[in-house]
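# Descriptive analysis of the structure
Spelled out from the first residue to the last, the chains are:
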Amino acid sequence: MKNIIRALRSDRGWSQAKLADQLGVSRQSVNAIETGKYDPSLPLAFAIARLFEKSIEEIFDDETEAQAAAE
Amino acid sequence: MTQQTFKSAKRRYHRVFWPLMAVYTVIVLAGSYTLNQLDPEPQWLQALLAIGCAVPVIGTLLVMLRYAMETDEYSRLIQLKGFAWGGVVTVSVIFVIGFLQLFHVIDNFEIFWLGPFFFIAYGVSTLILNGGKQC
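First, a word on what this report is: a plain description of the structure on this page. It should be emphasised that the depicted structure is a prediction, and the values quoted were computed from it without experimental measurement.

## Here we look at the packing of helix H1 (residues 5–37) of chain B against helix H2 (residues 43–70) of chain B
Residues and elements named next belong to chain B. Between H1 and H2, whose axes approach to 9 Å, the crossing angle comes to 165°. Comparing their axes, H2 and H1 come out roughly antiparallel. As H1 runs across H2, the sense of the crossing is left-handed. In this structure, H1 contributes Ala-9, Arg-12, Tyr-13, Val-16, Phe-17, Leu-20, Val-23, Tyr-24, Ile-27, Val-28, Gly-31 and Leu-35 to the contact, and H2 contributes Gln-46, Leu-49, Gly-52, Cys-53, Pro-56, Val-57, Gly-59, Thr-60, Val-63, Tyr-67 and Glu-70. Of the residues in the contact of H1 with H2, the class split is 16 nonpolar, five polar and two charged.

Structural data, given as structure tokens:
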């Protein structure tokens, strides 16, 4: 799933390690989520959204749903 | 909610893992030394030391599992996949060796080595799944 976490993190000047610390996860987890290798659970997605003061939909882009809607 | 999940799980893991490894090393070294000093070696002592060596290893497996359950969700996924792949590879090897023995291709095989083999298979699987990084 595509997301804008890397951009949001860069805007704030945070490293992956700093974001990982704030979320209570490993740096590898942040990297896997940013690169789309791993889709976070709903609680973690909410935690990310709260941290960046945005809605989940603003951060995560469900391509599959968008494609289905377009068809 | 998820604050410090990963770090506290890692701390709890290391707090138990390293003492267990120290106990294991002491029992193996002291046990071998003690048995070498005795002639004949009493069977009850051999059995006691053998079980004594196995207990910290079993403890390590339980600590690894606890870490997998307590860590963050991505690390848990990687750890559990590592366990699964390590288990699948080890059981596959057990079947191959078992059939080779049944068909008299090979004779005795030291079953002990399957334990370290599992740990290696688990470690390699975890590294591959995590892109070469420790989780």
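## Comments concerning the environment of Phe-119 of chain B
For Phe-119 of chain B, the position within the fold is in helix H4 (residues 114–129). Here the alpha-carbon distance between Phe-119 of chain B and Gly-82 of chain B, two residues 37 residues apart in the chain, equals 9.8 Å.

## Comments concerning the environment of Lys-81 of chain B
Residue and element names in this part refer to chain B. Examined against the element boundaries, Lys-81 turns out to sit in helix H3 (residues 73–102). Exposure remark for Lys-81: the 17 C-beta atoms within 10 Å place this residue in the partly exposed category. Spatially, the C-alpha atom of Lys-81 lies 7.3 Å from that of Thr-126, the residues being 45 residues apart in sequence. In contact with Lys-81, other than residues within four places in its own chain, are Ser-125 and Leu-129.

Quick notes on the rules
- Residues numbered from 1 in each chain as written.
- Chains lettered and ligands numbered in written order.
- Predicted model: local features only at pLDDT ≥ 70, side-chain atom pairs only at ≥ 80, totals over all residues.
- Axes fitted to C-alpha atoms, helices over the stretch in contact; angles between N-to-C directions.
- Helix = DSSP H or I, 4+ residues; strand = E, 2+ residues; numbered from the N terminus.
- Parallel < 35°, antiparallel > 145°, perpendicular 65-115°, else oblique.
- Left-handed = near helix turned anticlockwise from the far one by under 90°.
- Contact = placed C-beta atoms within 7 Å.
- Nonpolar A, V, L, I, M, F, W, Y, C, P; charged D, E, K, R; others polar.
- Buried ≥ 20, exposed ≤ 12 C-beta atoms within 10 Å, placed from the backbone.

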